[in-house]
Amino acid sequence: MLPPFRNEPLTDFSRPENQAAFQAALDQVKQEIGRTYPLVIGGQRLELQETFPSLNPSQPSQAVAHFANGAASHADQAIEAAAQAFETWKSTPVAVRARFLLDVAAEMRRRKHEFSAVMVLEVGKNRAEADADTAEAIDFLEYYARQMMRLADSSSQLVPFDAEHLGLYYIPLGVGAVIPPWNFPNAITTGMTAAAIVAGNTVVLKPAEQSPWVAYKMCELFWNAGLPAGVLNFVTGPGEVVGGRMVEHPKTRFIAFTGSRAVGTEIYEKASRVQPGQLWLKRSILEMGGKDAIIVDETADLEAAAEGIVTSAFGFQGQKCSACSRAIIVNDVYETVAERVIARTRRLTVGNPVENPAVDLGPVIDQEAFDRIRQYIEIGHGEGELLIGGGSSNPEDGYFVEPTIFGEVAPDARLAQEEIFGPVLALIRARDFDHALEIANGTVYGLTGGVYSNDRLRLERAREEFHVGNLYFNRKITGAQVGVHPFGGFNMSGTDSKAGGPDYLLLFTQAKSVAERL
Ligand code: NAD
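Note that the coordinates shown come from a computational prediction; the quantities given were computed from them, not determined experimentally. (Residues numbered from 1 in each chain as written. Predicted model: local features only at pLDDT ≥ 70, side-chain atom pairs only at ≥ 80, totals over all residues. Heavy atoms only, no water.)

Novice: When you look at the site of the ligand in this model, what are you seeing that I'm missing?
Specialist: Around the ligand lies a shell of 29 residues, among which Pro180, Glu209, Ser260, Met288 and Glu419 are the nearest. Take Met288: an N or O atom from its main chain is 2.7 Å from a nitrogen atom of the ligand. Starting from 850 Å² of accessible surface for the ligand in isolation, the protein chains cover 90%. Going through the elements one at a time, helix 8 (239–248), strand 10 (252–258) and helix 9 (261–272) are the ones with two or more residues in the shell around the ligand. Considered class by class, the residues forming the shell around the ligand number 15 nonpolar, eight polar and six charged. Domain assignment of the residues forming the shell around the ligand places at least three in each of domain 1 (43–288 + 496–517) and domain 2 (292–480). (Near = heavy atom within 4 Å. Polar contact = N/O pair within 3.5 Å; in protein donor to acceptor, adjacent residues only side chain to side chain. Areas by Shrake-Rupley, 256 points an atom, 1.4 Å probe, with all protein chains shown as cover. Helix = DSSP H or I, 4+ residues; strand = E, 2+ residues; numbered from the N terminus. Nonpolar A, V, L, I, M, F, W, Y, C, P; charged D, E, K, R; others polar. Domains from an automatic or database assignment.)

Novice: Help me understand the sheet that holds strand 19 (residues 470–473), please; the structure alone is not making it clear to me.
Specialist: In a beta sheet, neighbouring strands pair by backbone hydrogen bonds and run either parallel or antiparallel. Spatially, the seven strands line up as an open sheet ordered 14-15-16-13-12-18-19, and their pairing is mixed. Both outer strands of the open sheet, strand 14 (385–388) and strand 19, are each paired with one neighbouring strand and no more. Strand-to-strand, the axes of this sheet are offset by a mean angle of 20 degrees, without reference to chain direction. Two strands pair when backbone bridges link them, and strand 13 (residues 324–330) and strand 16 (residues 424–430) are joined in this way by five bridges, in the parallel orientation. Paired with Ile328 across the strands is Ile428, a residue of strand 16. Its contacts with the sheet place helix 12 (residues 367–383) against strand 14, strand 15 (404–407) and strand 16, and it is angled at close to 25 degrees to strand 15. Helix 15 (residues 456–465) contacts strand 18 (448–452) and strand 19 of the sheet and is inclined by roughly 175 degrees relative to strand 19. (Pairing = 2+ DSSP bridges. Axes fitted to C-alpha atoms, helices over the stretch in contact; angles between N-to-C directions. Contact = heavy atoms within 4.5 Å.)

Novice: Got a minute to help me understand the domain arrangement of the protein in this structure?
Specialist: By a widespread convention, an interface's size corresponds to the accessible area lost as its parts come together. Assigned domains within the protein: domain 1 (43–288 + 496–517) and domain 2 (292–480). Of note, the centres of domain 1 and domain 2, computed from C-alpha atoms alone, are 31 Å apart. Each side of the interface is counted separately: domain 1 has 22 residues, and domain 2 has 30 residues. Taken over both partners, the interface formed by domain 1 and domain 2 buries close to 2,100 Å², and the fraction arising from carbon and sulfur atoms is 59%. Among the residues domain 1 hides against domain 2, the three largest losses belong to Ser58, Arg127 and Trp182. Together they make up 24% of the total. Counting the contacts that link domain 1 with domain 2 gives one salt bridge. The partner of Lys320 in a salt bridge is Glu129, and the shortest N-O contact between them spans 3.0 Å. At the boundary of domain 1 with domain 2, the tally comes to 10 residue pairs in polar contact (both at pLDDT 80 or more). Mapped onto the side of domain 1 that touches domain 2, the elements with two or more residues apiece are strand 5 (59–68), helix 4 (112–123) and helix 5 (127–152). (Buried area = accessible area lost by both parts, 1.4 Å probe. Salt bridge = Lys/Arg side-chain N within 4 Å of Asp/Glu carboxyl O.)

Set out below in C-alpha cells:
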C-alpha cells in the first residue's frame, strides 16, 4: 500500500544551506561538461562518429555535452528493439512496473539539485525554475505509478451481471514514440516516458536537440534501476529525421509529443497515414502551443493582477506554453494596470543563471529563438507602443532578451495572435468584460487563461465561456501542479489530453472487456 500522492516540495532558496547544496551540485555537474553520449538501443550503447553539441545558451561557445547524430536507420533499429521488448514488458505485473517509477523518483529526489543544475547549464533556467521542473518530474513518476495501480483492474467498476464473471483490463498499446520539447526538459520528458512505461508500453525517446543531456540522465535512472533492455531506448538526432521516422514506422503504435503547433499538426497528419504492414490506427497524443491571456476587469485587485501578469509573462523568459502573452485589460483600469505591470517589470533582472543565483530572467534557448523573438519585437514596433524593454544582447555573449511589453496592441495583430515563445507581452485594451472575453477567445489556441475579477457572476461566465484547458481565477496562469491542475489545452493547443490528471493514462492503454459464462 502506497502513501497518498503529495506534490514534491520546492526548495527554499532563502536558506543558505539550500543555496550551498545547489552550488555544490552545479560545481559537480560542471566537471561533467564536454562528455559525449551514445544512442542506447535495446540496452546497447551505440557510439557514432558524427555528433552534435548541446550548447549553454548563456554562453553559446560552450558545448555542455555532445550527442550522437542519429539517422532514420537508428530510429528503425530502436523501434524494432522496443517491439521485441514489448513482448515481455506488456505482461510484467503493474505493481512491478510502478515500482520502477518509484525507484526512479527516489533516486531523482536524492539527486534533485544535480538534475536542476544540468538544466541551468543546458537550457538557461534560473535555480527556482529548474528546481520546479525537477519537482514536477518527480511528481509525474509518483503520480502515474499510483494511477496505473488504480487503473489496472477496473473490473469492480462494471455493472454486476449474475450469469457471467466479468473483467475490464486496461492493457498497453505497444511501442510509443516519445518526442518532448526542450522547455520542461526534465518534467515533460520524464512525464511522457513514465506514463508510457508504467502502462506497459515500450518507448523510443527522442529528446529535443537543445536538451538531450538532462533527458539522458533521466534515462540512466531507469536503466540503473534495472529496467529490462529495450523498454526505454534513447535516440538523438534531428527532429525531422529521427522523430519523423519514429512517427512513420509501421510498428509504432502511438506518439506522445509535446511541442509546437507546426510540428504537432505535421505529426498528426503523418501518423494518420496507414503504412504497409501496419496493424492499427496510430494514436497521437499531441500537446502544442498557446497564446494565453489574462483578463483584468475594474473590480479586480489591480496589484495582484499586475503581479500575476508579470510572473506569468516572464517566468523562464516567457518560454512556457502556459505563459501570459496577452494581458486584456478593461478600459477603466487599463492605464493603472499598465503602469503597475511596467513598474514590476522594471525590477526584473536579466543575466547568466549559471553565475548569478538571484537572476530573474536567463537567456532564451538558442540563436533561432533569439532571432525569432527579435523579429517579433520589430513587428511590435509597428503594431503597438513599446512600453518597456525591446533590447537584447550580442548573441555571441548569450541569448539574452529584455522583458518587453507593447501597449495598445489590436486583438488581431500578429503580436496578439502568434505564439512568440519569449519574453514579449502584448497589452490589449477592451471596452468591458464582455469584449475582453471575446478577445481572449479570439485565437486558434485554447491552452491556459486567467481572469482577475471580484465579480462572482463574471467569474462564473468565464468558467463556462473562456475556452481553455486550464483556467485560473485571481492567480498566475503558469505553474500547474501534477494531480492538482491536470494540464492540457483545446483547439490548436493539442488533442485535449490532461497530463498529470486522473484520465491521462487511459491515453496510453486500451481496455479489454472479458465475460465468462458461469
Ligand atoms: P518543436 O515542435 O520545435 O519540437 C518538439 C519536439 O519535436 C523536439 O523533440 C523536436 O526535435 C521534435 N521534432 C521536430 N520536428 C519534428 C518532425 N518533423 N517530426 C517529429 N519530431 C519532430 O517545439 P519546441 O521548440 O521544442 O518546444 C516549444 C513548443 O512546445 C511551444 O510551441 C510550446 O508552446 C510547446 N509546449 C507545449 C506544452 C503543452 O503542454 N501544451 C508544453 C511545453 C511546450
